[in-house]
Amino acid sequence: MSTCPVEDCDRPTNSGLCHDHRAQLAAQLRAVATGPPDAKHRPSPGLAAELRTTAARLDRIGSGSVGVISRDAERPLPWGEHAAQALAALHHVITGWMLLIHDDHQNSGPLQRADQVADRTTEGAARWLLDHSRWTVGRPDAARLVADVNHVVRRAERTIDRAPDRFYAGPCATPDPDTGQDCTADLYSRHVTGSITCRACGAEHDAGDRRAWLRAHARDHLDTAPAIARALSVLCLDLLDDTGLSVHRIRQWATRGHLTRRGQLPAVGDRQPQPLYRVGDVEQLLVAAANRTRKAS
Ligand SMILES: [Zn+2]
Ligand SMILES: [Zn+2]
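Keep in mind that this is a model prediction, so the values were computed, not measured. Sequence order as written defines residue numbering, which begins from 1 separately in each chain. Chains and ligands are labelled by the order in which they are written, letters from A for the one and numbers from 1 for the other. Thresholds applied to this predicted model are a pLDDT of at least 70 for local features of residues and 80 or more for the giving and counting of side-chain atom pairs; totals over whole chains, interfaces and linings are not thresholded and use all residues. Computation of side-chain values covers all heavy atoms of the structure but excludes hydrogens and water.

**Some points on the side chain of threonine 224**
Next up, step 1: For the purposes of this entry, the term helix denotes a DSSP run of H or I that reaches at least four residues, the term strand denotes a run of E that reaches at least two, and both are numbered from the N terminus. Looking at where threonine 224 falls in the secondary structure, it is placed in the loop between strand S9 (222-223) and helix H8 (225-235).
Next up, step 2: Between two residues, a contact is recorded if the distance between any of their heavy atoms is within 4.5 Å. With residues near it in sequence (within four places) discarded, threonine 224 still touches Leu265, Gln274, Pro275 and Leu276.

The structure is reproduced here in structure tokens:
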């Protein structure tokens, strides 16, 4: 018996990585190539494909805060560029390890046809590494492989989840059937209806229920007009037409004295200080406006 080579992991193994780190590596490599199955059991795009579409879609969208709470107020790069860089890092690491391991084995003798490197795409390399787990898990540098893959996969997930066209859908909190512990992952979605699958545990959540829950929890948050406009355009879909809630409309309410300023976000770099409003105050104005429209028609 020896112990797992991953730092801070002292689980016993017969050789190479422990059971948990083998499972983590395999799950992350699988996630690069294919996403979790949707409600109709069709596989969804993997992380590499998601990053490619995120990069293409968001190329022209600038920086901005995400969801109900502004997470990163300062984002020097347009989001499309973040996605392109995360994809480049993912590709570099996954194909780099594939080529390294391939060469090591080629140098020790002729390889089978299935062991040759045929597909050099990010997905192809991830699949190759999965198919050759007998070569990966026992390597002396297997701990580096685990750390490298974990790093680029986490970065890819964060980049996709926090893209400005996603909304934060709250914590998953689904209890694990084995341990009874609640899942601590956060949910993000680009779709306001249908289901949201948790990346960590695979639990399905209804996007509509999530919106209602978030709306209740967002009420007492303070945020800037652009962040509130973005959040309520999703959360108050039932009160709005297709154009959503504009920043201009929120600012107009403030100018006319319908909306009270609750604080101020200090100036950062060359960005001016920004007034903060309570999300629930804006929601109330939306409800009142929707009621007036309903009465008039
Ligand atoms: Zn381990
Ligand atoms: Zn979960």
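**Things to note about the layout of surface pockets**
Next up, step 1: Grid spacing is 1 Å over the protein atoms alone, the probe is 1.4 Å, and a cavity is where that probe fits but cannot get out, while a pocket is an open set with protein on both sides within 12 Å along at least five of seven lines and lining residues have an atom within 4 Å of a point. Grid points are joined across faces, edges and corners, and a volume is the space filled by probe spheres set on the points. By volume, the largest pocket is sized at about 1600 Å³.
Next up, step 2: Looking at the largest pocket, it is lined by 43 residues, and the ones nearest its centre are Pro36, Thr197, Cys198, Arg199 and Ala200.
Next up, step 3: Listing elements by their share of the lining of the largest pocket, those giving two or more residues are helix H1 (19-33), strand S3 (34-37), strand S4 (43-45), helix H2 (47-57), helix H6 (142-161), strand S6 (186-189) and strand S7 (195-197).
Next up, step 4: Here the lining of the largest pocket takes 6 residues from H1, the largest share from any one element.
Next up, step 5: Under this grouping Gly is polar, as are all residues other than the nonpolar Ala, Val, Leu, Ile, Met, Phe, Trp, Tyr, Cys and Pro and the charged Asp, Glu, Lys and Arg. Classifying every residue of the lining of the largest pocket gives 17 nonpolar, 13 polar and 13 charged.
Next up, step 6: For the lining of the largest pocket, the domains that each give at least three residues are domain 1 (2-161) and domain 2 (166-208). The source of the domain bounds is an automatic or database domain assignment.

**Quick word on the coordination of the zinc ion (ligand 2)**
Next up, step 1: The donor definition counts N, O and S atoms within 2.8 Å of each metal and applies 3.2 Å to Na, K and Ca; water is not among these atoms, so some sites may look incomplete. Summarising the metal site, the zinc ion (ligand 2) is bound by the protein donors Cys172 (SG), Cys183 (SG), Cys198 (SG) and Cys201 (SG), whose distances to it range over 2.3 to 2.4 Å.
Next up, step 2: Only four donors with every angle between 85 and 135 degrees are called tetrahedral; only four or six donors with opposite donors over 155 degrees apart and all others between 65 and 115 are called square planar or octahedral, in that order; all others are irregular. Every donor counted, the 4 donor atoms about the zinc ion (ligand 2) form angles of 105 to 113 degrees at the centre, which fits tetrahedral coordination.
Next up, step 3: Of note, the zinc ion (ligand 2) draws all its donor residues from one chain, in the sequence arrangement C-x10-C-x14-C-x2-C. Of this pair, cysteine 183 sits in the loop between strand S5 (167-171) and S6 while cysteine 201 sits in the loop between S7 and strand S8 (204-206), placing them 18 residues apart in sequence.
Next up, step 4: Burial classes: relative accessible area under 20% of the type maximum marks a residue as buried, over 50% as exposed, and values in between as partly exposed (1.4 Å probe, protein chains only). With relative accessibility at 14%, the residue cysteine 183 sits in the buried group.
Next up, step 5: Exposure remark for cysteine 201: the relative accessible area of 42% places this residue in the partly exposed category.

**Side note on the packing of aromatic side chains**
Next up, step 1: Here the aromatic set is Phe, Tyr and Trp, taking the six-membered ring for Trp, and pairing holds for ring centres within 6.5 Å; pairs whose planes are under 30 degrees apart are stacked, those over 60 apart are edge-to-face, and all others are tilted. What the rule picks out here adds up to 1 aromatic pair.
Next up, step 2: Only when the NZ of Lys or the CZ of Arg is both within 6 Å of the ring centre and within 35 degrees of the ring normal is a charge said to sit over the ring. Sitting over the face of the ring of tryptophan 135, arginine 134 holds its NZ or CZ atom 4.8 Å from the ring centroid.
Next up, step 3: We note arginine 210 situated over the ring of tryptophan 213; from NZ or CZ to the ring centre the distance is 5.6 Å.

**A look at the nonpolar core**
Next up, step 1: In terms of nonpolar packing, the biggest core is built from 38 residues, with Leu17, Leu51, Leu90, Ile94 and Leu129 touching the most fellow members.
Next up, step 2: Only H1, H2, helix H3 (79-107), helix H4 (122-131) and H6 provide two or more residues apiece to this core.
Next up, step 3: Once residues lying within four places of it in the same chain are set aside, the contact partners of leucine 129 are Leu29, Ile94, Trp97, Met98, Ile101 and Thr136.
Next up, step 4: With 33 residues, the next largest nonpolar core counts Leu232, Cys236, Leu239 and Leu285 among its residues. Working definition of a nonpolar core: buried Ala, Val, Leu, Ile, Met, Phe, Trp, Tyr and Cys residues. They are joined through side-chain atoms within 4.5 Å.

**Structural notes on the side chain of arginine 211**
Next up, step 1: One can find arginine 211 in helix H7 (residues 207-218).
Next up, step 2: Arginine 211 sits in the buried class, given a relative accessible area of 13%.
Next up, step 3: Each residue touching arginine 211, except ones within four places of it in the same chain, is listed here: Phe167, Val192, Thr193, Val234, Leu235 and Leu237.

**Some details on the coordination of the zinc ion (ligand 1)**
Next up, step 1: Every protein donor of the zinc ion (ligand 1) is listed here as Cys4 (SG), Cys9 (SG), Cys18 (SG) and His21 (ND1), and their distances to the metal cover 2.0 to 2.3 Å.
Next up, step 2: Given 4 donor atoms and angles of 103 to 115 degrees at the metal, the environment of the zinc ion (ligand 1) is assigned as tetrahedral.
Next up, step 3: Binding-site remark: the zinc ion (ligand 1) is held by donors from one chain whose sequence spacing is C-x4-C-x8-C-x2-H. Of the two residues, cysteine 4 is situated in the loop between strand S1 (2-3) and strand S2 (12-13) and histidine 21 in helix H1; the sequence distance between them amounts to 17 residues.
Next up, step 4: Residue classification places cysteine 4 among the buried positions, given a relative accessible area of 4%.

**Some thoughts on unusual backbone geometry**
Next up, step 1: The phi torsion at aspartate 8 lies on the positive side, around 65 degrees, for a residue other than glycine.
Next up, step 2: Here aspartate 8 lies in the loop between S1 and S2.
Next up, step 3: One non-glycine residue, alanine 173, lies in positive phi territory at about 60 degrees.
Next up, step 4: Residue placement: alanine 173 occurs in the loop between S5 and S6.
Next up, step 5: Among the residues examined, alanine 173 registers a relative accessible area of 38% and is labelled partly exposed.

That's the geometry; what it means functionally is another story.
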